[in-house]
Amino acid sequence: MLRVLHTIEDVREQTREWRAAGSSIGCVMTMGALHEGHLSLVDAAQRECDKVVLTLFVNPIQFGPSEDFARYPRTEEADFRALRDRECDAVFAPATETIFPSGERRIDQVRTKVVVRGLTDVLCGLQRPGHFDGVTTEVLKMLHIVDCDRTYWGEKDYQQYAVIRAMVEDQGLPVEVVPCPTVRDVDGLALSSRNTYLDEGQRAIAPRLYAELRRGARRIAEHGIDVIGETTKHIAETLLARGFDLVEYVEVYTGSLGPAVAGTPVEELRVFGAVRLGGARLIDNVAVAYEVGR
Ligand code: AMP
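Note that this is a predicted model, so its numbers are computed, not measured.

**Some thoughts on the domain arrangement of the chain**
Here the domain parsing of the chain yields domain 1 (3-180) and domain 2 (193-292). If you look at the interface, domain 1 gives 22 residues, while domain 2 gives 17 residues. Of the roughly 1800 Å² buried at the junction of domain 1 and domain 2 (both faces included), carbon and sulfur atoms supply 53%. When the buried surface of domain 1 facing domain 2 is broken down by residue, Leu123, Gln127 and Tyr158 rank first, second and third, together holding 33% of it.

As structure tokens, then:
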């Protein structure tokens, strides 16, 4: 039976009860508008933990002033139905004031800010100033509220996973951060709540992002790190030619978001891309290891 919890006290009481019964607890953090990508994290948590909590909170402080906080899709009733079907144990759906009682709605209004340096200075961190500070500040708070053993994160947002893993390590939190593979539509487009912003024509273009990143990853797998520069340039040009409005970045980093330097094994590399298409900003990434030997 899905328990719908709205207050911090209710979550603490529930997790205390589960702990007292000796149950392990897994947590999946989301902004709602749930799709099979989110639900795959619930499935992974259910496989490894006795009880699963999903948090559903559109976190205002991770959005920039000109970003889509106001129009971000909110589909709470459908989300609860999906979680009931998946036999999730509890959903924590707090009001904004519950998480930010002092009225903080932007990262620059926050008093205690959590910043992971270095990892947030590349890729989306450059394109969305303050975004990851908003994520880590809120996620650390959620981890203090939901007393979990494991927390599950999608590789679709690989940098977010890497940043949270680093925060948990730096803070010595007793929680395992588990990465989960990206769930895609049949045509390869990574599932995302923001895909609803795409019209029919844009939706037909969108899968090219994954297709081109994969092609690039395959080329790097075959020819090594010397071709990274020309490959990323070629991907960016091809994406523009395919109809994307803007390419924010196409770059290659290791799985720890370090640079690809001489001697770095190609298996450690990932190709990252971010584009704009109509009203949507789409991101994706592909592990080169996945393409080695294909
Ligand atoms: P969001 O609600 O977009 O903040 O995402 C919540 C969690 O779901 C994050 O860990 C995301 O990385 C993960 N997620 C989102 N889309 C996908 C996907 N297509 N496949 C796997 N995980 C995903």
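**Some words on the packing of aromatic side chains**
Inspection of every chain in the model, using the stated rule, returns six aromatic pairs. Each ring, one from Tyr158 and one from Tyr161, has its centre 5.5 Å from the other, and the planes form 70°; the classification is edge-to-face. Residue Tyr158 and its partner Tyr161 are located together in helix H7 (residues 158-171), separated by three residues, close to a single helical turn. For the pair shown, Tyr158 and Tyr161 are each scored as buried. Ring centres of Tyr253 and Phe272 lie 6.4 Å apart, and the angle between their planes is 65°; this geometry places the pair in the edge-to-face category. Taken together, the residues span a long stretch of sequence, with Tyr253 in strand E7 (residues 246-254) and Phe272 in strand E8 (residues 269-277) at a distance of 19 residues. A residue is classified by how much of its surface remains accessible, and Phe272, at 3% relative accessible area, is buried.

**With respect to the site of the ligand**
The full set close to the ligand counts 17 residues, and Met31, His38, Asp157, Val183 and Leu191 are the nearest of them. Between the ligand and Val183, the relevant distance is 2.8 Å, taken from a nitrogen atom to a main-chain nitrogen or oxygen of the residue. Contact with the protein chains covers 94% of the free accessible surface of the ligand, which is 480 Å². For the shell around the ligand, the secondary structure elements donating two or more residues are strand E2 (25-30), helix H2 (36-48) and strand E5 (150-154). The element contributing the most residues to the shell around the ligand is H2, with three residues.

**Some remarks on the pattern of salt bridges**
Summed over the entire model, instances satisfying the criterion amount to 23 salt bridges. A salt bridge links Glu230 to Arg219; the shortest N-O distance between them is 2.6 Å. In this pair, Glu230 is assigned in helix H10 (residues 228-242) and Arg219 in helix H9 (residues 208-223), connecting sequence segments eleven residues apart. Judged by its relative accessible area of 47%, Glu230 falls in the partly exposed class. Of the residues examined, Arg219 reaches a relative accessible area of 32% and is grouped as partly exposed. A cluster of three or more residues bridged by salt bridges with shared partners is formed by Arg208, Glu212, Arg215 and Arg242.

Thresholds, definitions, all that
- Per chain, residues are indexed from 1 in the order of the written sequence.
- Totals for whole chains, interfaces and linings use every residue, but because this is a predicted model, local features are given only for residues with pLDDT of at least 70 and side-chain atom pairs only at 80 or more, for both listing and counting.
- Hydrogens and waters are ignored; side-chain quantities use all the structure's heavy atoms.
- Note: domain ranges come from an automatic or database domain assignment.
- In what follows, a contact means two residues having at least one pair of non-hydrogen atoms within 4.5 Å.
- Summed over both partners, the accessible area lost on bringing two parts together, with a 1.4 Å probe, is the buried area.
- Between 30 and 60 degrees the pair is tilted, below 30 it is stacked and above 60 it is edge-to-face, where a pair is any two Phe, Tyr or Trp rings, Trp via its six-membered ring, whose centres lie within 6.5 Å.
- Secondary structure elements are taken from DSSP: a helix is a run of H or I of four residues or more, a strand is a run of E of two residues or more, and numbering for both begins at the N terminus.
- For every residue, the accessible area (1.4 Å probe, protein chains only) is compared with the maximum for its type, and the residue is labelled buried under 20%, exposed over 50%, or partly exposed between those bounds.
- Residues are classed as near a molecule or strand on a simple rule: at least one heavy atom within 4 Å of it.
- Polar contact is the term for a pair of N or O atoms within 3.5 Å; when the atoms are in protein, one must be able to donate a hydrogen and the other to accept it, and sequence-neighboring residues count only if both atoms are side-chain atoms.
- Where accessible areas are quoted, they stem from the Shrake-Rupley method and a 1.4 Å probe; at the residue level, only the protein chains shown are allowed to cover.
- In the sections that follow, a salt bridge refers to a side-chain nitrogen of Lys or Arg positioned within 4 Å of a carboxyl oxygen of Asp or Glu.

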